[in-house]
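Close look at the chain arrangement
As a plain string of letters, each chain reads:
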Amino acid sequence: MNNPAQFPLSARIFHWGMAALIFSMLLAGLSMVQTLQAWHAPIVAAHKFFGVLALIAVIARLANRFRFKSPALPADLPAAQKLAAMVTQALLYICMFAMPISGFLMVSASGQGINMLGLFTLPPIGEPSLVGYSFFRELHAITAVLLMLLIVMHVTAAVYHGLIRKDNLLRSMLR
Ligand code: HEM
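What this report covers is the structure whose coordinates are included nearby. Because the structure is a prediction, the values reported are computed rather than measured. (Residues numbered from 1 in each chain as written. Predicted model: local features only at pLDDT ≥ 70, side-chain atom pairs only at ≥ 80, totals over all residues.)

**Re the overall build of the protein chain**
In terms of regular secondary structure, the protein chain is built from 5 helices and 2 strands. In terms of principal-axis extent, the alpha carbons of the protein chain reach across some 55 × 30 × 30 Å. The buried share of the protein chain, taken over its 175 residues, is 13%. In the protein chain, the proportion of contacts linking residues at least 24 apart, taken out of those at least 6 apart, comes to 68%. (Helix = DSSP H or I, 4+ residues; strand = E, 2+ residues; numbered from the N terminus. Buried ≥ 20, exposed ≤ 12 C-beta atoms within 10 Å, placed from the backbone. Contact = placed C-beta atoms within 7 Å.)

Okay, structure coming up:
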């Protein structure tokens, strides 16, 4: 099969839709430290609901990812940069799974379920556990920091390809 010049529409919708969702989730998560604000409870409820959607979206995205061949990296890209791109992408996928799963397990360990817009409640998994709660809360926060670093690297690389190298890489995800 020849290398395509761009990502298929389904991959571009997943990419930009999830970028917006994850960026909003990170901002909402960071704002939630202000526990005395009137908007704290609705933001936490929305964060949990959209976090479950993010997990469903990343499962669907990964399944979709196996359906097509992605455009090759520029042939003249140094091997170290190709390796860095592959490692960053793999870590981004790991974080996209680890964020919602650790959030869900943290809330489960606190003994709460997740209210899905009042339609139904996802029950907690396992028994309430203080040790489990602290562990998954820490994991959720550490993964969030790692995810933010990876996003900065990913965006920097995209801008470098689009504005400095002026190769096809950024275009392949835009149109
Ligand atoms: C893409 C998915 C998610 C992202 C990017 C995300 C991001 C964040 C961030 C940045 C924080 C602040 C961490 C800190 O500095 O302490 C946070 C906190 C939190 N998240 Fe998430 N989250 C996601 C999914 C979820 C899910 C699915 C749940 C639960 C169902 C959840 C529940 C919580 C709770 C309860 C807190 C507050 C922890 C505390 O300080 O007590 N998150 N999240």
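**Focus: helix 4 (residues 130-165)**
Taking 1.5 Å per residue, 36 residues should reach 52 Å; helix 4 reaches 51 Å between its end C-alpha atoms and fits that length. Among all positions of helix 4, only Phe136, His140, Leu147 and His161 are buried. Buried-residue contacts for helix 4 involve helix 3 (79-109) and helix 5 (169-174). Looking one or two residues beyond helix 4, the residue adopting positive phi is lysine 166, at roughly 50°. (Expected span 1.5 Å × (residues − 1).)

**Things to note about the nonpolar core**
Counting residues in each nonpolar core, the largest one holds 8 residues, listed as Ile22, Met25, Ala54, Val58, Cys95, Met96, Met99 and Leu147. When residues of this core are traced back to their parent elements, those giving at least two are helix 1 (9-31), helix 2 (40-65) and helix 3. Sorting elements by how many residues they give to this core places helix 3 first, with 3 residues. Ignoring sequence-local partners within four residues, the contact set of methionine 99 consists of His140, Thr143, Ala144 and Leu147. Counting 6 residues, the second largest nonpolar core, distinct from the first, contains Phe104, Leu105, Met106 and Ala109. (Core = buried A, V, L, I, M, F, W, Y, C linked by C-beta atoms within 7 Å.)

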